[in-house]
Amino acid sequence: MKATIREMTPAEYPLLEEFLYQAIFQQDSENLLPRDEIKNSELNVYIKDFGQLPDDYCLCAEVDKQIVGAVWVRIMDGFGSVDQKTPEFAISLLPKYRGQGIGTSLMKAMVIYLEKAGYSQASLSVQKDNYALKLYKQLGFETVDEHDREYIMVCKLN
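Conventions adopted
Residues numbered from 1 in each chain as written. Predicted model: local features only at pLDDT ≥ 70, side-chain atom pairs only at ≥ 80, totals over all residues. Heavy atoms only, no water. Helix = DSSP H or I, 4+ residues; strand = E, 2+ residues; numbered from the N terminus. Contact = heavy atoms within 4.5 Å. Buried < 20%, exposed > 50% of the residue type's maximum accessible area, 1.4 Å probe, protein only. 1 Å grid on protein atoms, 1.4 Å probe; cavity = no way out; pocket = protein on both sides within 12 Å on 5 of 7 lines; lining within 4 Å. Points joined across faces, edges and corners; volume = space filled by probe spheres on them. Nonpolar A, V, L, I, M, F, W, Y, C, P; charged D, E, K, R; others polar. Core = buried A, V, L, I, M, F, W, Y, C linked by side-chain atoms within 4.5 Å. Salt bridge = Lys/Arg side-chain N within 4 Å of Asp/Glu carboxyl O. Phe/Tyr/Trp six-rings, centres within 6.5 Å; stacked < 30°, edge-to-face > 60°.

## Some words on the environment of Glu115
Alright, step 1. For Glu115, the location among the structural elements is in helix 3 (residues 102-116).
Alright, step 2. Sequence spacing of Glu115 and Lys85 is 30 residues, and the spatial spacing of their C-alpha atoms is 13 Å.

Shown next, in the form of structure tokens:
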């Protein structure tokens, strides 16, 4: 499926609430977490006041004039934080748009942006059984730490 990758405008930032919820890896589709889970401070740090920090940047994927995915970064104390100079990735797609290469396009576009902006690396956190782990490895992310259920990964940028 062909998607247009572009910068998300500040007027569209409220959509990050939905994309943050969609970013939560939930294996059991019959027993989903409640949507207010994103209000939890550990998750909300990914979107709270997005666009107001100097290292906030977001790209979105658009299909037929609908935003179907987003990748955003910020420097914060998130699940995949490694230091105060490394932006941490968050990415998600609406369910029906997954598995079609859109997420790969979003990730590649953000890596290019971060390289051009002069960052030396980017990080993320991924659960060990998340299907996206393969994509992150293909894009050059390497495990630098691990916990019971997740890996902390870093991608060195050129």
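Read on for the rest.
## Observations regarding the environment of Leu124
Alright, step 1. Structurally, Leu124 can be placed in strand 5 (residues 121-127).
Alright, step 2. Residue contacts for Leu124: discarding those within four places in its chain leaves Gly80, Glu88, Phe89, Met107, Tyr136, Phe141, Tyr151, Ile152 and Met153.

## Side note on helix 1 (residues 16-23)
Alright, step 1. Of all the residues in helix 1, the buried ones are Leu16, Phe19, Leu20, Tyr21 and Gln22.
Alright, step 2. Buried residues in helix 1 make contact with helix 2 (41-44), strand 2 (57-63), strand 3 (66-74) and strand 4 (88-93).

## Let's talk about the layout of surface pockets
Alright, step 1. A volume near 1,300 Å³ is recorded for the largest pocket.
Alright, step 2. Surrounding the largest pocket, 44 residues form its lining, Gln22, Ala23, Ile24, Phe25 and Asn130 being those nearest its centre.
Alright, step 3. Elements with a minimum of two residues in the lining of the largest pocket: helix 1, helix 2, strand 4, helix 3, strand 5 and helix 4 (133-138).
Alright, step 4. If one sorts the elements of the lining of the largest pocket by residue count, strand 4 sits on top with six residues.
Alright, step 5. When its residues are assigned to classes, the lining of the largest pocket shows 22 nonpolar, 14 polar and eight charged.

## Comments concerning the nonpolar core
Alright, step 1. Ranked by size, the top nonpolar core spans 53 residues in total, and within it Leu16, Trp72, Phe89, Ile102, Met107, Tyr136 and Phe141 carry the most contacts.
Alright, step 2. Among the elements of the structure, helix 1, strand 2, strand 3, strand 4, helix 3, strand 5, helix 4 and strand 7 (150-156) are those that each provide at least two residues to this core.

## Overview of the pattern of salt bridges
Alright, step 1. Inspection of every chain in the model, using the stated rule, returns five salt bridges.
Alright, step 2. For Lys39, the salt bridge is made with Glu17, and the minimal N-O distance between the two is 3.8 Å. Placement of Lys39 in the loop between helix 1 and helix 2 and of Glu17 in helix 1 is noted, with a sequence separation of 22 residues between them.
Alright, step 3. By relative accessible area, Lys39 is classed as exposed at 54%.

## As for the packing of aromatic side chains
Alright, step 1. Tallying each qualifying case throughout the model produces five aromatic pairs.
Alright, step 2. Ring plane angle 5 degrees and centroid distance 3.5 Å describe the contact between Tyr57 and Tyr113, whose orientation is recorded as stacked. Placement of Tyr57 in strand 2 and of Tyr113 in helix 3 is noted, with a sequence separation of 56 residues between them.
Alright, step 3. With relative accessibility at 12%, the residue Tyr57 sits in the buried group.

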